[in-house]
Amino acid sequence: RFQVLTKRGDRLSEVSKDLRWPNNVWMGVSVESQKYVTRIDQLRSTGAAIKFLSLEPLLGPLRNLNLKGIDWAIVGGESGFNARPIEKEWVINIREQCLSSGVPFFFKQWGGVNKKKTGRTLDGRTWDEMPRVAYA
């Protein structure tokens, strides 16, 4: 399994038609704020068997996401020196959108200067959902 991630959704759309997409290549786009939600449509236009969103570092709320055709969502806060904060409300909102759309939700981390200290539990549990995969 290869997970390929890009912030260049426009370029992804251009090259996708020329690619053969094997089932073991998962394609994802980073969407860190509302400014970049157009990348989701660009991802959706590809022939990738598994399409995923890397909503990290999450820098703002992402309301009313169109998750049609999306197979997985990963959410996480920024980590390291000068990490910008993530709000619990943003994460819960995305989790609820995923649950109502049937999209597996994976919460990676709260982030911060010491990400091990802040952990990765949300509402008392870890969220490690993964897409269902059936290889022929």
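Residues numbered from 1 in each chain as written. Predicted model: local features only at pLDDT ≥ 70, side-chain atom pairs only at ≥ 80, totals over all residues. Heavy atoms only, no water.

**Student:** Pulling in residues and values, what's your account of the overall build of the protein?
**Tutor:** Broken down by element type, the protein carries four helices and five strands. Starting at the N terminus and ending at the C terminus, the protein contains elements arranged as β-α-β-α-β-β-α-β-α. Oriented by its inertia axes, the alpha-carbon framework of the protein measures out at about 45 × 30 × 25 Å. Buried residues in the protein amount to 42% of all 136 residues. Counting only contacts in the protein whose residues sit at least 6 apart along the sequence, the fraction spanning at least 24 positions is 58%. Total accessible area on the protein stands at roughly 7,800 Å², and carbon and sulfur atoms take up 50% of it. (Helix = DSSP H or I, 4+ residues; strand = E, 2+ residues; numbered from the N terminus. Buried < 20%, exposed > 50% of the residue type's maximum accessible area, 1.4 Å probe, protein only. Contact = heavy atoms within 4.5 Å. Areas by Shrake-Rupley, 256 points an atom, 1.4 Å probe, with all protein chains shown as cover.)

**Student:** I'd love a proper account of the side chain of K51, names of residues and values included.
**Tutor:** Here K51 lies in strand β3 (residues 50-55). Here K51 is buried and forms no salt bridge, its nearest opposite-charge partner D71 lying at an N-O distance of 5.4 Å. Aside from chain neighbours lying at most four places away, what touches K51 is M27, L43, R44, T46, G69, I70, D71 and W72. (Lys, Arg positive; Asp, Glu negative; His and termini not counted. Salt bridge = Lys/Arg side-chain N within 4 Å of Asp/Glu carboxyl O.)

**Student:** Quick rundown of the sheet that holds strand β5 (residues 105-109)? Include the residues and the values.
**Tutor:** Across the sheet, five strands lie side by side as β1-β2-β3-β4-β5; this open sheet has parallel pairing. Looking at the sheet topology across the chains shown, the edges are occupied by β1 (2-6) and β5. Each strand axis lies, on average, 25° off the axis of its neighbour in the sheet, ignoring direction. As defined by bridge partners, β3 adjoins strand β4 (residues 72-76) across four bridges and the pair is classed as parallel. Bridging from a neighbouring strand, S54 pairs with I74 of β4. Running at roughly 160° to β5, helix α3 (residues 88-101) makes contact with β3, β4 and β5 of the sheet. (Pairing = 2+ DSSP bridges. Axes fitted to C-alpha atoms, helices over the stretch in contact; angles between N-to-C directions.)

**Student:** Give me the environment of W90: which residues, what numbers.
**Tutor:** Mapped onto the elements, W90 comes out in helix α3. Residue W90 is classed as buried on the basis of its relative accessible area of 14%. In this structure the C-alpha to C-alpha distance between W90 and V113, which are 23 residues apart in sequence, comes to 19 Å. Ignoring sequence-local partners within four residues, the contact set of W90 consists of L58, L59, G60, P61 and P85.

**Student:** Any details on the packing of aromatic side chains? Residues and values, ideally.
**Tutor:** Under the criterion given, the structure shown has five aromatic pairs. Where W72 meets F106, the ring centres are 6.1 Å apart and the plane angle is 85°; that geometry is what we call edge-to-face. Remark: F106 occurs in strand β5 and W72 occurs in strand β4; sequence separation between them is 34 residues. Three or more aromatic residues joined by ring pairs form one cluster here, namely W26, F52, W72 and F106. Seen from the ring of W127, R125 lies directly overhead, with NZ or CZ sitting 3.5 Å from the centre. (Phe/Tyr/Trp six-rings, centres within 6.5 Å; stacked < 30°, edge-to-face > 60°. Lys NZ or Arg CZ within 6 Å of the ring centre and 35° of its normal.)

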